[in-house]
Amino acid sequence: MIEILWLIILALGTLCIGREIQRRIHPTTEPLLDILLSFALGSGTLILVMYALGWLGWMRPLHVITTTALLFVTTIRNITWLLAAIRSLDYTWMRQKPMLCAVFLAFAALNLIGALAPTTDSDGLGYHLAIPKYYLESGGFAYHPMIVSTWPLTTEMMYTLALAISGDVLAKLVHYAFGILAALATYWLARRLAGHDIGVLAAVIFYTIPLIAIESGIAYNDLAMTFYFVLGFGLWLSWILDDVKGSFLAAAIVLGLFASTKWNGPVSIMILTLMTTWMKRSQLRMSLRQIAGFVSITASFSVMWYVKNWIINGNPLGPFAESLFDGVNWTVAHSLAYLASVKSLDLSLSHFFLAPIKLFLMPSQYGELTFLGPILLMLAPIGFALWRTRESLTILTFAAFSYVFWWATSQQSRLLIPIFTLLAIVSAQTAHDERLTRVRTPILCIILVSMLLNLAFPIAYHGKAVGYILGVEDRDAYLERIRPVYPAMQYINTHTPPNSTVVMLGEIHAYWLLRPYLFECAAMQGVINYEETPQEIYDRMKSMGVTHLLLNHNVPFCDGMEKKLAQEPFLGSLRPEFSRNNVEVVTLL
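### Re the overall build of the chain
And then number 1: In terms of helices and strands, the chain carries 28 helices and five strands.
And then number 2: The dimensions of the chain, computed from C-alpha atoms along their principal axes, are 80 × 50 × 50 Å.
And then number 3: Considering the chain, the positive charge centre built from 38 side chains and the negative charge centre built from 37 side chains are found 11 Å apart.

Put into structure tokens, the structure is as follows:
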């Protein structure tokens, strides 16, 4: 497909751009590290360029493509270095570890099937792709009705570029590529800490976790965050433990990208900063300036998004702290409604100790479709007990603090994905520990069987796209089969005036809409006060220019709006226009 060619071109260009920076701040003799760091710095450069275009009002496809092409052309001389670096990589593991190689390639192929299909995942359609598409249509940063538009959008800037070049499939392929890069970075870090064999096993353990397989076929941001984390964490270890020249600046930049990818990233930086201060305590006076520089560099990548939120939304910390800031279309009451919509957390002490087991065996309690696989649960605790080095103690400390924060704030499996890279390394070390020589064969057999069993999940999840990939099913039929709301949105795009404004009830998948839209849900936008009477709500909608309602009866409506629509004045003010798959489009008279 043409999207794969575009991905290759985009990857080569990103590497060439990043090489210009990498060879200046952290030149090494490791081809793999050079490539990984160049990609991180190159993608970071493109993210900053997209950010600048957003403020300049030049975030149109033509401007985005032209600017990116100019960057590629001015750095194309690095293609020679790139080809040489690729040739000099160590490929012996493919011959030495044929079974692991085959398993890795099988997962990569299945994940690619999912990535090549049109976007159908909820968060991708709701905001990961919908918000970049909205910015491209607006020509830059503008107010977006989805409240999560106030979250960091680092990965979404790469999606903005992908959408400008080709479309949603290329954006999904970008996330797929970040999954491969995260596995390679895991291999690099594990090889640095414990050797080549452990590096290979750790990378395959990580990549064959069912959750990683599912994420590799959708347009989320967790795998990008994981790539930046594991690479940045390895560079941070080089700075803290080995004082490698250049690793300080490289670690700060890459971890800055990590911290600005998701809302919980800055907390991980706080943990690393505290650990740095403790580990450098013997020479603290000499290190304070460097630590301050580390914090300043990493924080700057997150701060730029809070500045954007303050200017666009009126609240840098939205949807929180509304009592301090006057956010656009967002009040304290709406913040409370948003918090109430978030699943309540079990903060009991028993759950603190049982959560690691439930996390792997009961995924639905933690917001995921599939369990995470038994390898990390079985082997990581043993590894932490056996692998007593300063590196392992550092990994254990960071993982422990991260787990405490996760337990206290979110309890969503996806937010722990970066930590899975570290657990995979510890698990691989366990399998190769000399003290377990007598049981090494059974352990390796368990690992291999687990990996093969895990194949069932990408087969089931990505297999639904096989018909589309083979051309048996066209795009519209595929999208309607997965998302019944799709025909209704296509009707709106083709049968309503361009200046129509649509309010969606029970629906957030706005990526397909080509008309201005609002979310009739306090947990998503907060335009309507649900304590108002139906007449007041009707008048409010009319004053906002609302012309159509999209009602998805397949999901519960938000905040009792279904009951309000059954009352006057709505009964005589709604004209049915379209109905299919239990989804309606009505005109607001």
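That was the structure; now back to the text.
### Focus on the sheet that holds strand E4 (residues 574-580)
And then number 1: Spatial strand order, E2-E1-E3-E5-E4: five strands in an open sheet with mixed pairing. Each of the sheet's edge strands pairs with one partner strand only, and the pair in question is strand E2 (517-519) and E4. Ignoring strand direction, the axes of neighbouring strands in this sheet form an average angle of 25°.
And then number 2: Pairing geometry for E4 and strand E5 (residues 583-588), over six bridges, is antiparallel. Looking across to E5, one finds that Arg575 is bridged to Thr587.
And then number 3: Packing of helix H26 (residues 486-495) onto the sheet brings it into contact with strand E1 (502-505), strand E3 (548-552), E4 and E5, and relative to E4 it is tilted by some 130°.

### Points about the pairing of E5
And then number 1: Among the six residues in E5, five count as buried, and that is most of the element.
And then number 2: Of the pairings in the sheet, the one linking E3 to E5 comprises five bridges and is antiparallel in character. Residue Asn552 lies in a different strand from E5, and its bridge partner there is Val583.
And then number 3: Linkage of E4 to E5, two consecutive antiparallel strands, is achieved through a turn of two residues, within which Asn581 is found at a positive phi near 55°.

### Some remarks on helix H9 (residues 154-165)
And then number 1: Over its twelve residues, H9 extends 18 Å from the first C-alpha to the last, a length consistent with the 16 Å expected when each residue adds 1.5 Å.
And then number 2: In terms of burial, H9 is a largely internal element, eleven of the twelve residues being buried.
And then number 3: Looking at H9, one finds that the buried residues are Thr154, Thr155, Glu156, Met157, Met158, Tyr159, Thr160, Leu161, Ala162, Leu163 and Ala164.
And then number 4: A positive backbone phi angle near 155° is found at Gly167, which sits one or two residues after H9.

### Side note on helix H18 (residues 349-361)
And then number 1: For H18, with 13 residues, the first-to-last C-alpha span of 19 Å sits near the 18 Å given by 1.5 Å per residue.
And then number 2: Along its length, H18 shows its largest kink, about 50°, at Ala355, and proline Pro356 lies within four residues downstream of that point.
And then number 3: Within H18, burial applies to His351, Phe352, Ala355, Leu359 and Phe360.

### A short note on the environment of Leu396
And then number 1: Note that Leu396 resides in helix H20 (residues 390-409).
And then number 2: Leu396 sits in the partly exposed class, given a relative accessible area of 31%.
And then number 3: It is 47 Å that separates the C-alpha atoms of Leu396 and Arg475, two residues lying 79 residues apart in sequence.

### Things to note about the packing of aromatic side chains
Geometry of an aromatic ring pair is reported as the spacing of the ring centres plus the angle between the planes.
And then number 1: Tallying each qualifying case throughout the model produces 31 aromatic pairs.
And then number 2: On the basis of an interplanar angle of 40° and a centroid distance of 5.4 Å, the ring pair of Trp239 and Phe294 is categorised as tilted. Linking Trp239 in helix H13 (residues 222-242) with Phe294 in helix H16 (residues 284-313), this pair joins segments that are 55 residues apart in sequence.
And then number 3: Overall, Trp239 belongs to the buried group, its relative accessible area being 1%.
And then number 4: Sitting above the plane of the Tyr511 ring, Lys133 keeps its charged end 5.7 Å from the centroid.
And then number 5: A cation over an aromatic ring shows up here: Lys308 above the ring of Phe141, its NZ or CZ 5.8 Å from the ring centre.

### A look at the side chain of Thr276
And then number 1: Inspection of the secondary structure assignment puts Thr276 in helix H15 (residues 265-279).
And then number 2: There is a polar contact of 2.7 Å between the side chain of Thr276 and the backbone oxygen of Leu272.

### Thoughts on the pairing of E1
And then number 1: Residues Val502 and Met504 point to one face of E1 and Val503 and Leu505 to the other, with burial holding for every one of them.
And then number 2: Relative to E2, E1 runs parallel, the two sharing three bridges. Residue pairing in the sheet places Met504 in a bridge with Phe519 of E2.
And then number 3: In the sheet, E1 pairs with E3 via four bridges, with the strands oriented parallel.

### Considering the environment of His144
And then number 1: Positionally, His144 belongs in the loop between helix H8 (130-138) and H9.
And then number 2: Taking the C-alpha atoms as reference, His144 lies 16 Å from Glu507; in sequence the two are 363 residues apart.
And then number 3: With near-sequence residues (within four places) excluded, His144 lies in contact with Ala130, Ile131, Tyr134, Ser149, Tyr517 and Phe519.
And then number 4: Here Met146 takes part through its backbone nitrogen, which lies 3.0 Å from a polar atom of the side chain of His144.
And then number 5: Here the side chain of His144 touches Tyr517 through a polar contact of 2.8 Å, side chain to side chain.

### As for the nonpolar core
And then number 1: Counting residues in each nonpolar core, the largest one holds 177 residues, and the members touching the most others are Phe227, Tyr228, Leu231, Phe233 and Trp236.
And then number 2: By residue number, the principal contributor to this core is helix H10 (residues 168-194), which donates 18 residues.
And then number 3: With sequence-adjacent residues up to four places away left out, Phe227 is seen in contact with Leu36, Phe39, Ala40, Phe178, Leu181, Ala182 and Ala185.

### Some words on unusual backbone geometry
And then number 1: With a phi angle near 55°, Asn581 is a residue other than glycine that sits in the positive phi range.
And then number 2: The topology assignment puts Asn581 in the loop between E4 and E5.
And then number 3: Relative accessible area serves as the criterion here: at 32%, Asn581 is assigned to the partly exposed category.
And then number 4: You will see that Asn582, though not glycine, has its phi angle at about 65°, which is positive.
And then number 5: For Asn582, the position within the fold is in the loop between E4 and E5.

### Quick look at the packing of H9 against H10
And then number 1: For the pair H9 and H10, the least separation of the axes is 7 Å and the interaxial angle reads 140°. One finds that H9 runs oblique with respect to H10. Crossing hand, H9 versus H10: right-handed. For the pair H9 and H10, the contacting residues are Met158, Tyr159, Ala162, Leu163 and Ile165 in the first and Asp168, Leu170, Ala171, Val174 and His175 in the second.
And then number 2: Among the residues making up the contact of H9 with H10, the classes are represented as eight nonpolar, one polar and one charged.

### Some points on the side chain of Lys133
And then number 1: Along the polypeptide, Lys133 turns up in helix H8.
And then number 2: Since its relative accessible area comes to 15%, Lys133 is described here as buried.
And then number 3: If we ignore the near neighbours within four places in the chain, the residues touching Lys133 are Leu163, Tyr511, Leu513 and Leu514.

Conventions and cut-offs
- Residues numbered from 1 in each chain as written.
- Predicted model: local features only at pLDDT ≥ 70, side-chain atom pairs only at ≥ 80, totals over all residues.
- Heavy atoms only, no water.
- Helix = DSSP H or I, 4+ residues; strand = E, 2+ residues; numbered from the N terminus.
- Lys, Arg positive; Asp, Glu negative; His and termini not counted.
- Charge placed at Lys NZ, Arg CZ, Asp CG, Glu CD.
- Pairing = 2+ DSSP bridges.
- Axes fitted to C-alpha atoms, helices over the stretch in contact; angles between N-to-C directions.
- Contact = heavy atoms within 4.5 Å.
- Buried < 20%, exposed > 50% of the residue type's maximum accessible area, 1.4 Å probe, protein only.
- Expected span 1.5 Å × (residues − 1).
- Bend = angle between axes of the 7 residues up to and from the residue.
- Phe/Tyr/Trp six-rings, centres within 6.5 Å; stacked < 30°, edge-to-face > 60°.
- Lys NZ or Arg CZ within 6 Å of the ring centre and 35° of its normal.
- Polar contact = N/O pair within 3.5 Å; in protein donor to acceptor, adjacent residues only side chain to side chain.
- Core = buried A, V, L, I, M, F, W, Y, C linked by side-chain atoms within 4.5 Å.
- Parallel < 35°, antiparallel > 145°, perpendicular 65-115°, else oblique.
- Left-handed = near helix turned anticlockwise from the far one by under 90°.
- Nonpolar A, V, L, I, M, F, W, Y, C, P; charged D, E, K, R; others polar.

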